[in-house]
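# Residue-level structure breakdown
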Amino acid sequence: MDQFLQQLVNGLTLGSLYALIAVGYTVVYGIVQLINFAHGEVFMIGAFGALSTYLLFFDGQTGVWILPIMIIGAMIAAVGTAVLMERVAYRPLRNAPRLAPLITAIGISVFLQELVRVFYDRIPFADFPSAKQRIPFPQLDVVSGTAVQIGDVTVQRSAIFTIGALVVCAILLWYFINRTRLGRGMLAVSQDPDTARLMGINVDRIIVVAFALGAVLAAIAGVSQGLQNNNIDFKMGFIAGLKAFTAAVLGGIGNIQGAVVGGLVLGLVESMATQYVPGQFGGGTWKDVWAFVILILVLVFRPQGLLGARVVDRA
Amino acid sequence: MQQRSVVRVGASLIVASLALTACGSRSNDEGGGSGTTTKTAKIGVIAPLSGDLSALGLGIQHSVELAVKQANDSNAIPGWKLEVDAKDDEAKPDVGKNAATSLSSDKDVIGVVGTLNSSVALQVQPVLAPKNIVQVSPANTNPSLTAGAAWQTDPKRAYPTYFRTCTTDAIQGPVAARYLFEKAKITKVATIHDKKAYGQGLVGTFAAEFKKLGGQVVAAETINPDDSNYQAVISAVKPSAPQAVYYGGEYPNAGPLSQQMKAAGLKVPLMGGDGIYDPKYIALGGKTSEGDLATSVGAPVEALPSAQKFVTDYNAAGFKDPYAAYGGYSFDAANAIIAALKVSLKDAKDVESARKATVDELSKVKFDGVTGAVAFDQYGDTTSKVLTVYKVASGKWATVETATFTG
């Protein structure tokens, strides 16, 4: 039983991380029907933004008060990247055939990875380590260090931070979308962009907001992953992005609650598979196989995802 | 409007790609016109020069460069000038195979130092062997590379062109097992490996010896080398209450694994092979890596009187990256090839005709290198069977004991 609870905690932690990233896929898809495959890289750049902030201003310190500043640094880097990406690469292709922005997204993803890999240690006026290898992430007081014991279950402090971050973000996101003008504008555009435009909604602005919103959550996820795994690298966005995209599809793409549920389910399947699938097909190496088996099964029997996709019927 | 934004996108892409190419022009070592009478022979290097394991790979490259530079300076092979041709294998077998193919199609290549990874060597060996290009690895520890797949029961030389200057997992695993059982008095261990040729082989030989001594392997798990979060595996291992975790793999995974293990409350030492013996391991493992153990091939380079000169020369040469775990072995590997070339190239008219003679000469090479006596047995393995156990103490790898393996 303890073992089950332990893996439950592990799964929820991993799932929260996927969920935070998955929201970015789903929000953008809901508004422009674009799968932004470069979103994983936004997450990666968020983590590097936090690291850079730390190295520039607080190198060597461990106070927990640095964390909010690091998160702000992460958000600036991630939102900047996402907004620039939308402006330079996606907006010109808004009316192009569907395949064009998709290929562009993959191109941007490779471009951003290589950019960080090659340039990170060459940024002038800062003495950053080379990103060609994994870089240790700063370990701060309170959010890292000795794990908390609840009965026989060990809960890491970074796990509490990650799950807490998801809860707070989910509440704020719900409030933003349902209670603010901008949020309701997003809802309107996702239902029918042309009518929304006629009603006086600035569609371009709403799309930028959607990208920025995803980037904010991805930045928080980047910081959590850094704290949890103790290191970041230039290709961390690829696998995480793929998993988060899977989570978004699992929950129903375009559906924000779906992305959160999908992320948590995916995380739980991975940790439970490590623990409970016996023998040859069990253990850590097979967990991804089981995660994708679940995805295939869900898509076969429930193609719209667990909570149902928001598919806008466009004539 | 539409057209203007297309122009903007195009412009920004062009600027970006210009910036990338400007940056991509790495410094290639050019031969330079050095008279018409000297002929050129190339020593290839196949190692990970980018990616997670590049700290080790760049150390290999620079150490070979140092050896070649010294040979050229002292005019070790009259009438010949040596060059280094380093290829990146990204620690991937398929990339390594391409690197080997490109080296083997160069008629000036006489020998290769590399690879770092045993899994890459498996792909490189069959490419170099038909062309009679000698390959000396400073770091491959998988026993099957020299003595064949059935190395335990029916050892057979796999490729006559393959040699190595480091000892193998057949020795490394058991030494770790003996240290844990006899010296550290640990009877219950868990094993984790990354399913690569190196990690799996290491854990296999370790577990066999540990059980033979009377110890217990209470859990055996695996991870993906691409993963960076190991919570699930750690939780699966923890209830069996091991007194130590033996990990088969390299530091990019081992460092975070150690850190996460201890953060998750599994406060036992992690022990690994030469793949985790790198300062990067401690950087990634953080403060809690204190007390973790590693075995590495040979005696510590810094402690050997024969190595002092290498360390001084290396630092004097002003390379950007440290010589890392395999610097001494790479230096010896390059010098072993150079020693063979002194005989084989002496009267040769071109490189290709001297390749076969180089293979024969290399098996007879004997000299005192940086890491001890360098000589090869009938399988191409080094005759030296010295290993050292290291422990992390106050943020550094400290030597615990150096042992010569017997039986």
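Residues numbered from 1 in each chain as written. Chains lettered and ligands numbered in written order. Predicted model: local features only at pLDDT ≥ 70, side-chain atom pairs only at ≥ 80, totals over all residues.

### With respect to the nonpolar core
Nonpolar side chains in soluble globular proteins tend to be buried together. Ranked by size, the top nonpolar core spans 122 residues in total, and within it V113(B), V245(B), Y246(B), A334(B), A336(B) and I337(B) carry the most contacts. For this core, the leading source of residues is helix α12 (residues 327–344) of chain B, giving 10 residues. Of the domains in this structure, domain 1 (39–166 + 303–376) and domain 2 (170–297 + 388–404) of chain B are the two that each give at least three residues to this core. When residues no more than four places from it in sequence are discounted, the contact partners of A334(B) are I43(B), V64(B), A67(B), V68(B) and V113(B). Counting residues in hydrophobic clusters, the runner-up holds 94 residues, among them V27(A), V143(A), F211(A) and L250(A). (Core = buried A, V, L, I, M, F, W, Y, C linked by C-beta atoms within 7 Å. Buried ≥ 20, exposed ≤ 12 C-beta atoms within 10 Å, placed from the backbone. Helix = DSSP H or I, 4+ residues; strand = E, 2+ residues; numbered from the N terminus. Domains from an automatic or database assignment. Contact = placed C-beta atoms within 7 Å.)

### Concerning the sheet that holds strand β14 (residues 396–404) of chain B
In a beta sheet, neighbouring strands are held together by backbone hydrogen bonds and run either parallel or antiparallel to one another. All names here are of chain B. Within the open sheet, the 7 strands sit side by side as β7-β6-β8-β9-β10-β13-β14. Their pairing is mixed. Either end of the sheet is taken by a strand with one partner, and the two such strands are β7 (216–222) and β14. Pairwise comparison of adjacent strand axes, ignoring direction, gives a mean angle of 25° for this sheet. Note: strand β8 (residues 244–248) against strand β9 (residues 270–272), 3 bridges, orientation parallel. Bridging from a neighbouring strand, V245 pairs with L270 of β9. Each of β8 and β9 is contacted by helix α9 (residues 251–263), which is oriented at about 165° to β9, the strand it contacts most. (Pairing = 2+ DSSP bridges. Axes fitted to C-alpha atoms, helices over the stretch in contact; angles between N-to-C directions.)

### Regarding the packing of helix α3 (residues 93–104) of chain B against helix α4 (residues 118–128) of chain B
Residues and elements named next belong to chain B. Here α3 crosses α4 at 25°, and the two axes come no closer than 8 Å. One finds that α3 runs roughly parallel with respect to α4. Note that α3 runs across α4; the crossing there is right-handed. Taken together, the residues of α4 that come into contact with α3 (itself represented by P93, G96, K97, A100, T101 and S104) are S119, V120, L122, Q123, V124, V127 and L128. When its residues are assigned to classes, the contact of α3 with α4 shows 7 nonpolar, 5 polar and 1 charged. (Parallel < 35°, antiparallel > 145°, perpendicular 65-115°, else oblique. Left-handed = near helix turned anticlockwise from the far one by under 90°. Nonpolar A, V, L, I, M, F, W, Y, C, P; charged D, E, K, R; others polar.)

### Considerations on unusual backbone geometry
Going from G114(B) to T115(B), the amide bond is cis rather than trans, its omega being 5°. When you line up the elements, T115(B) lands in the loop between β3 (109–114) and α4. Despite not being glycine, Q33(A) has its phi angle at roughly 55°, a positive value. Relative to the assigned elements, Q33(A) resides in the loop between α1 (2–32) and α2 (39–57). For N132(B), which is not a glycine, the phi torsion comes out positive at approximately 60°. Positionally, N132(B) belongs in the loop between α4 and β4 (134–137).

### Here we look at the domain arrangement of chain B
Residues and elements named next belong to chain B. According to the domain assignment, chain B consists of domain 1 (39–166 + 303–376) and domain 2 (170–297 + 388–404). Between domain 1 and domain 2, the C-alpha centre-to-centre distance is 29 Å. Facing the 15 residues of domain 1 at the interface are 16 residues of domain 2. Among the elements of the structure, α2 (54–73) and α4 are those that each provide at least two residues to the side of domain 1 that touches domain 2. Residue contributions to the side of domain 1 that touches domain 2 peak at 3 residues, all from α4. Taken together, the residues of the side of domain 1 that touches domain 2 sort by class into 9 nonpolar, 5 polar and 1 charged.

### Focus on the sheet that holds strand β2 (residues 80–88) of chain B
All names here are of chain B. If you walk across this open sheet you meet the 5 strands as β2-β1-β3-β4-β5, and the pairing is parallel. If you trace the sheet from one side to the other, it starts and ends with β2 and β5 (162–164), each paired once. Sheet twist, expressed as the average angle between the axes of neighbouring strands with direction ignored, equals 25°. Where strand β1 (residues 39–47) meets β2, 9 bridges bridge the pair, whose relative direction is parallel. Bridged to K42 within β2 is E83.

### So, the environment of G145(A)
Tracing the backbone through its elements, the reader meets G145(A) in the loop between β1 (135–136) and β2 (148–150). G145(A) sits 154 residues away from L299(A) along the chain, and the two C-alpha atoms are 40 Å apart.

### Here's the deal with the pairing of β14(B)
Residues and elements named next belong to chain B. In this sheet, β14 lies alongside strand β13 (residues 386–393) in antiparallel orientation, the contact comprising 8 bridges. Pairing of L387 across the sheet is with A403, part of β14. Between β13 and β14, which follow one another and run antiparallel, lie 2 residues, and S394 among them has a positive phi close to 40°.

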